[in-house]
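Residues per chain are reported as follows:
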Amino acid sequence: MDVVINIFVGLHIIGIASLLGGFLTQMKAMRAGTARFVPAMLHGALTMLVTGIVLVGLNQAQDHSLNNIKLGIKMAVLVVILALVYVKRDEESVAKPVFGAVGALTVANIFIAVLWT
């Protein structure tokens, strides 16, 4: 079962990389006011959502203790990210504050995962 969990952790990290990588590739465009949400960002957020839910289920199945408050906060942040990216995905350009918020929330979610023990 540990191998399956580690596979999903790897997929979860790939989702984070896709979301954050998509954001970082648009940083120059954000300064110019032409940034947009690329498909990689939406797919990364969806990957994070699905793999995160699977990871919670797999860890609960093995009776691992989980910090439900931390997981709830991470899920709420991810839902906000996903909603912003989904709603604005077809627009030619996204306002700087909205685009910056997605990047900041993504980084915050990473630090919540890593630093909150």
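In this report, we go over the structure that sits alongside the text. (Residues numbered from 1 in each chain as written. Predicted model: local features only at pLDDT ≥ 70, side-chain atom pairs only at ≥ 80, totals over all residues. Heavy atoms only, no water.)

### Let's talk about the side chain of Thr 51
Line of reasoning, step 1. The residue Thr 51 is located in helix α3 (residues 39-61) in this model.
Line of reasoning, step 2. Residue class for Thr 51 comes out buried when judged on its relative accessible area of 5%.
Line of reasoning, step 3. Among the polar contacts made by the side chain of Thr 51, one reaches the main-chain carbonyl oxygen of Thr 47 at a distance of 2.7 Å.
Line of reasoning, step 4. Residue contacts for Thr 51: discarding those within four places in its chain leaves Phe 8, Leu 11 and His 12. (Helix = DSSP H or I, 4+ residues; strand = E, 2+ residues; numbered from the N terminus. Buried < 20%, exposed > 50% of the residue type's maximum accessible area, 1.4 Å probe, protein only. Polar contact = N/O pair within 3.5 Å; in protein donor to acceptor, adjacent residues only side chain to side chain. Contact = heavy atoms within 4.5 Å.)

### What about the environment of Asn 68?
Line of reasoning, step 1. Following the sequence through the fold, Asn 68 ends up in helix α4 (residues 68-88).
Line of reasoning, step 2. On the accessibility criterion, Asn 68 (53% relative accessible area) is exposed.
Line of reasoning, step 3. Separated by 12 residues in sequence, Asn 68 and Val 56 place their C-alpha atoms 9.5 Å apart.

### A look at the packing of aromatic side chains
Line of reasoning, step 1. Taken as a whole and assessed by the stated rule, the structure comprises 2 aromatic pairs.
Line of reasoning, step 2. Each ring, one from Phe 23 and one from Phe 99, has its centre 5.0 Å from the other, and the planes form 20°; the classification is stacked. Of the two residues, Phe 23 is situated in helix α1 (residues 2-25) and Phe 99 in helix α5 (residues 96-115); the sequence distance between them amounts to 76 residues. Taken as a pair, Phe 23 and Phe 99 share a single burial class, namely buried.
Line of reasoning, step 3. Aromatic side chains Phe 37 and Phe 99 sit 5.2 Å apart centroid to centroid with 25° between the ring planes, which places their arrangement in the stacked category. With Phe 37 in the loop between α2 (27-32) and α3 and Phe 99 in helix α5, this residue pair connects regions lying 62 residues apart in the sequence. Taken individually, Phe 37 and Phe 99 each receive the classification buried, so the pair is uniform in this respect.
Line of reasoning, step 4. In this structure, Arg 89 packs its charged tip against the face of Tyr 86, placed 3.9 Å from the ring centre. (Phe/Tyr/Trp six-rings, centres within 6.5 Å; stacked < 30°, edge-to-face > 60°. Lys NZ or Arg CZ within 6 Å of the ring centre and 35° of its normal.)

### Remarks on the side chain of Asn 59
Line of reasoning, step 1. Relative to the elements of secondary structure, Asn 59 occurs in helix α3.
Line of reasoning, step 2. Not counting residues within four places of it along the chain, the set of residues in contact with Asn 59 comprises Ile 5, His 64 and Leu 66.

### Section: the nonpolar core
Line of reasoning, step 1. By size, the foremost hydrophobic cluster in this structure holds 20 residues, and its most contacted members are Leu 19, Phe 37, Met 41, Ile 81, Val 85, Phe 99 and Val 102.
Line of reasoning, step 2. For this core, the secondary-structure elements that each account for two or more residues are α1, α2, α3, α4 and α5.
Line of reasoning, step 3. By residue number, the principal contributor to this core is α4, which donates 5 residues.
Line of reasoning, step 4. The residues touching Phe 37, leaving out its near neighbours within four places in the chain, are Leu 84, Val 85, Lys 88, Arg 89, Val 94, Val 98, Phe 99 and Val 102. (Core = buried A, V, L, I, M, F, W, Y, C linked by side-chain atoms within 4.5 Å.)

So yeah, pure geometry; function would need other evidence.
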